[in-house]
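Chain and residue survey
Next come the chains, spelled out residue by residue.
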Amino acid sequence: MKKVILLSSFVVLLLNCNKKAEAPVPETVSADTATAKEADMDTMNAKSSCYMGVTGKDSVFASIDDNLGTITGKLRYKNNEKDSSKGDITGFKSGDTLKLTYEFQSEGSKSKRDIYFIQKGNTLTEGIGEQKEENGQMKYANDNKISYKDGQKLQTADCALVTKALK
(Lines give C-alpha, C1' and ligand atoms only; values in the text may rest on other atoms or scores of the structure.)
Protein backbone atom coordinates (compact mmCIF):
# COMPACT_ATOMS: atom_id res chain seq x y z
CA MET A 1 0.00 0.00 0.00
CA LYS A 2 2.88 2.34 0.83
CA LYS A 3 4.32 1.70 -2.62
CA VAL A 4 1.05 2.73 -4.34
CA ILE A 5 0.80 5.98 -2.35
CA LEU A 6 4.48 6.77 -2.92
CA LEU A 7 4.19 6.03 -6.65
CA SER A 8 1.00 8.15 -6.97
CA SER A 9 2.64 11.08 -5.18
CA PHE A 10 5.69 10.80 -7.44
CA VAL A 11 3.50 10.85 -10.61
CA VAL A 12 1.57 13.92 -9.39
CA LEU A 13 4.83 15.70 -8.55
CA LEU A 14 6.27 14.81 -11.94
CA LEU A 15 3.17 16.08 -13.79
CA ASN A 16 3.19 19.39 -11.89
CA CYS A 17 6.87 19.96 -12.65
CA ASN A 18 6.27 19.60 -16.40
CA LYS A 19 3.65 22.38 -16.51
CA LYS A 20 4.86 25.74 -17.75
CA ALA A 21 3.88 28.75 -15.75
CA GLU A 22 1.56 30.81 -17.93
CA ALA A 23 1.39 34.53 -17.35
CA PRO A 24 -2.13 35.92 -17.51
CA VAL A 25 -2.77 37.76 -20.75
CA PRO A 26 -3.71 41.38 -20.04
CA GLU A 27 -7.18 42.28 -21.31
CA THR A 28 -7.15 44.95 -23.94
CA VAL A 29 -10.27 47.06 -24.22
CA SER A 30 -11.05 48.21 -27.72
CA ALA A 31 -13.49 50.98 -28.56
CA ASP A 32 -15.98 48.33 -29.76
CA THR A 33 -15.75 46.45 -26.46
CA ALA A 34 -16.21 49.65 -24.47
CA THR A 35 -19.25 50.60 -26.55
CA ALA A 36 -20.73 47.11 -26.10
CA LYS A 37 -20.22 47.30 -22.33
CA GLU A 38 -21.88 50.72 -22.24
CA ALA A 39 -24.80 49.34 -24.26
CA ASP A 40 -25.14 46.43 -21.83
CA MET A 41 -25.20 48.83 -18.92
CA ASP A 42 -27.72 51.02 -20.75
CA THR A 43 -30.16 48.11 -21.01
CA MET A 44 -30.07 47.80 -17.23
CA ASN A 45 -31.60 51.28 -16.80
CA ALA A 46 -35.07 52.43 -17.71
CA LYS A 47 -35.28 54.40 -20.94
CA SER A 48 -37.25 57.61 -20.51
CA SER A 49 -39.09 59.30 -23.36
CA CYS A 50 -41.44 62.26 -23.54
CA TYR A 51 -44.18 62.83 -26.09
CA MET A 52 -46.62 65.56 -26.99
CA GLY A 53 -49.54 65.74 -29.39
CA VAL A 54 -51.63 68.73 -30.41
CA THR A 55 -54.94 68.60 -32.28
CA GLY A 56 -56.57 72.01 -32.67
CA LYS A 57 -56.68 73.46 -29.16
CA ASP A 58 -56.41 70.08 -27.44
CA SER A 59 -53.10 68.57 -26.36
CA VAL A 60 -51.74 65.35 -24.88
CA PHE A 61 -48.53 64.99 -22.86
CA ALA A 62 -46.84 61.71 -21.95
CA SER A 63 -43.74 60.82 -19.98
CA ILE A 64 -42.83 57.15 -20.42
CA ASP A 65 -40.22 54.99 -18.70
CA ASP A 66 -39.47 51.67 -20.41
CA ASN A 67 -37.64 49.22 -18.15
CA LEU A 68 -37.05 46.15 -20.34
CA GLY A 69 -40.64 46.20 -21.62
CA THR A 70 -42.33 47.20 -18.36
CA ILE A 71 -43.86 50.62 -18.88
CA THR A 72 -44.61 53.28 -16.25
CA GLY A 73 -45.19 57.00 -16.57
CA LYS A 74 -47.60 59.90 -16.58
CA LEU A 75 -50.20 61.04 -19.08
CA ARG A 76 -52.29 64.19 -19.38
CA TYR A 77 -55.09 65.10 -21.76
CA LYS A 78 -55.52 68.87 -21.78
CA ASN A 79 -58.76 69.54 -23.64
CA ASN A 80 -60.05 72.97 -24.61
CA GLU A 81 -63.83 72.62 -24.25
CA LYS A 82 -64.07 69.19 -22.62
CA ASP A 83 -62.94 67.80 -19.31
CA SER A 84 -59.20 67.28 -19.04
CA SER A 85 -57.57 64.38 -17.23
CA LYS A 86 -54.19 63.45 -15.81
CA GLY A 87 -52.78 60.41 -14.11
CA ASP A 88 -50.41 57.46 -14.15
CA ILE A 89 -49.86 54.83 -16.80
CA THR A 90 -48.59 51.30 -16.22
CA GLY A 91 -48.33 48.34 -18.52
CA PHE A 92 -46.03 46.53 -20.89
CA LYS A 93 -44.64 46.62 -24.39
CA SER A 94 -45.69 43.88 -26.79
CA GLY A 95 -43.82 44.19 -30.08
CA ASP A 96 -44.44 47.79 -31.19
CA THR A 97 -47.57 48.18 -29.01
CA LEU A 98 -47.66 49.79 -25.58
CA LYS A 99 -50.54 48.14 -23.70
CA LEU A 100 -51.25 50.47 -20.82
CA THR A 101 -53.71 51.10 -18.03
CA TYR A 102 -54.41 54.79 -17.48
CA GLU A 103 -55.45 55.60 -13.89
CA PHE A 104 -56.57 59.22 -13.89
CA GLN A 105 -58.50 62.04 -12.23
CA SER A 106 -61.20 63.83 -14.15
CA GLU A 107 -64.05 65.93 -12.79
CA GLY A 108 -62.91 65.10 -9.26
CA SER A 109 -63.35 61.34 -9.66
CA LYS A 110 -60.84 58.56 -10.22
CA SER A 111 -61.15 56.29 -13.23
CA LYS A 112 -59.21 53.56 -15.02
CA ARG A 113 -59.14 52.63 -18.66
CA ASP A 114 -57.04 50.69 -21.12
CA ILE A 115 -55.11 52.77 -23.59
CA TYR A 116 -52.90 51.29 -26.31
CA PHE A 117 -50.32 53.08 -28.44
CA ILE A 118 -48.43 51.88 -31.51
CA GLN A 119 -44.82 53.07 -31.37
CA LYS A 120 -43.19 53.74 -34.74
CA GLY A 121 -39.97 55.76 -34.78
CA ASN A 122 -40.53 58.96 -32.82
CA THR A 123 -44.34 58.68 -32.94
CA LEU A 124 -46.93 57.16 -30.64
CA THR A 125 -50.40 56.67 -32.15
CA GLU A 126 -53.31 56.04 -29.80
CA GLY A 127 -55.57 53.11 -30.51
CA ILE A 128 -59.30 53.70 -30.97
CA GLY A 129 -61.74 50.89 -30.29
CA GLU A 130 -64.96 49.91 -28.59
CA GLN A 131 -64.59 49.68 -24.84
CA LYS A 132 -66.62 47.92 -22.16
CA GLU A 133 -66.62 48.21 -18.39
CA GLU A 134 -65.08 45.32 -16.51
CA ASN A 135 -64.60 45.42 -12.73
CA GLY A 136 -64.76 49.23 -12.64
CA GLN A 137 -62.28 49.66 -15.49
CA MET A 138 -62.90 50.45 -19.14
CA LYS A 139 -61.22 47.81 -21.30
CA TYR A 140 -61.06 47.28 -25.04
CA ALA A 141 -63.87 44.97 -26.10
CA ASN A 142 -61.71 43.28 -28.75
CA ASP A 143 -57.95 43.83 -29.08
CA ASN A 144 -58.11 42.75 -32.74
CA LYS A 145 -60.52 45.56 -33.65
CA ILE A 146 -58.43 48.46 -32.36
CA SER A 147 -57.71 51.01 -35.09
CA TYR A 148 -54.64 53.23 -35.01
CA LYS A 149 -55.50 55.08 -38.23
CA ASP A 150 -57.42 57.99 -36.65
CA GLY A 151 -55.88 57.95 -33.17
CA GLN A 152 -54.16 60.89 -31.49
CA LYS A 153 -50.54 61.15 -32.69
CA LEU A 154 -47.82 62.11 -30.23
CA GLN A 155 -44.29 63.10 -31.26
CA THR A 156 -41.15 63.03 -29.13
CA ALA A 157 -40.79 66.27 -27.18
CA ASP A 158 -38.49 68.03 -24.74
CA CYS A 159 -38.90 66.32 -21.35
CA ALA A 160 -38.59 69.62 -19.46
CA LEU A 161 -41.64 70.99 -21.35
CA VAL A 162 -43.62 67.77 -20.90
CA THR A 163 -42.78 67.48 -17.18
CA LYS A 164 -43.98 71.05 -16.64
CA ALA A 165 -47.26 70.28 -18.45
CA LEU A 166 -47.78 67.10 -16.40
CA LYS A 167 -47.81 69.01 -13.10
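Cut-offs used in this document
- Residues numbered from 1 in each chain as written.
- Predicted model: local features only at pLDDT ≥ 70, side-chain atom pairs only at ≥ 80, totals over all residues.
- Heavy atoms only, no water.
- Helix = DSSP H or I, 4+ residues; strand = E, 2+ residues; numbered from the N terminus.
- Contact = heavy atoms within 4.5 Å.
- Areas by Shrake-Rupley, 256 points an atom, 1.4 Å probe, with all protein chains shown as cover.
- Buried < 20%, exposed > 50% of the residue type's maximum accessible area, 1.4 Å probe, protein only.
- Arc of directions from axis to C-beta.
- Core = buried A, V, L, I, M, F, W, Y, C linked by side-chain atoms within 4.5 Å.
- Salt bridge = Lys/Arg side-chain N within 4 Å of Asp/Glu carboxyl O.
- pLDDT = per-residue confidence, 0-100.

This part covers the overall build of the protein chain. Helix and strand content of the protein chain: three helices and 10 strands. Ordered by position from the N terminus, the helices and strands of the protein chain form the series α-α-β-β-β-β-β-β-β-β-β-β-α. Once local pairs closer than 6 in sequence are excluded, the contacts in the protein chain between residues at least 24 apart make up 36%. Only carbon and sulfur atoms are counted for the fraction: they give 53% of the accessible area of the protein chain, which is about 11900 Å².

So, about helix H3 (residues 159-166). One full turn of an α-helix is made of 3.6 residues, so residues set three or four places apart face in the same direction. For H3, the set of buried residues is Val162, Ala165 and Leu166. Each buried residue of H3 sits inside an arc of 100° when the element is viewed along its axis, so together they form one side. Across from the buried face of H3, at angles greater than 90 degrees, the exposed residues are Ala160 and Lys164. Looking at the packing, one finds that the buried side of H3 touches strand E1 (47-55), strand E2 (58-67), strand E3 (70-78) and strand E4 (85-94).

The subject of this paragraph is the nonpolar core. One finds Ile64, Leu75 and Phe117 to be the most contacted residues of the largest nonpolar core, which totals 16 residues. Mapped onto this core, the elements with two or more residues apiece are E2, E3, strand E5 (97-106) and strand E6 (109-120). Considering each element in turn, this core owes the most residues, four residues, to E5. Discounting residues that sit within four places of it in the chain, Phe117 has contacts with Tyr77, Asp96, Thr97, Leu98, Leu100, Leu124, Thr125, Glu126, Tyr148 and Leu154. Counting residues in each nonpolar core, the second largest holds five residues, with Phe61, Val162, Ala165 and Leu166 among its members.

Attention now moves to the pattern of salt bridges. Taken as a whole, this structure holds three salt bridges when the rule is applied. The closest approach of N and O atoms between Arg113 and Glu126, which form a salt bridge, is 3.6 Å. Taken together, the residues span a long stretch of sequence, with Arg113 in strand E6 and Glu126 in strand E7 (residues 123-126) at a distance of 13 residues. Where Glu134 meets Lys132, a salt bridge forms, and the shortest distance between an N and an O atom there is 4.0 Å.

So, about the confidence of the model for the protein chain. Looking at the protein chain as a whole, its pLDDT mean stands at 82, while 74% of the residues score no less than 70. For the stretch residues 29-41, pLDDT sits under 50, and the model shows two contacts to residues farther than four places along the chain or on other chains.

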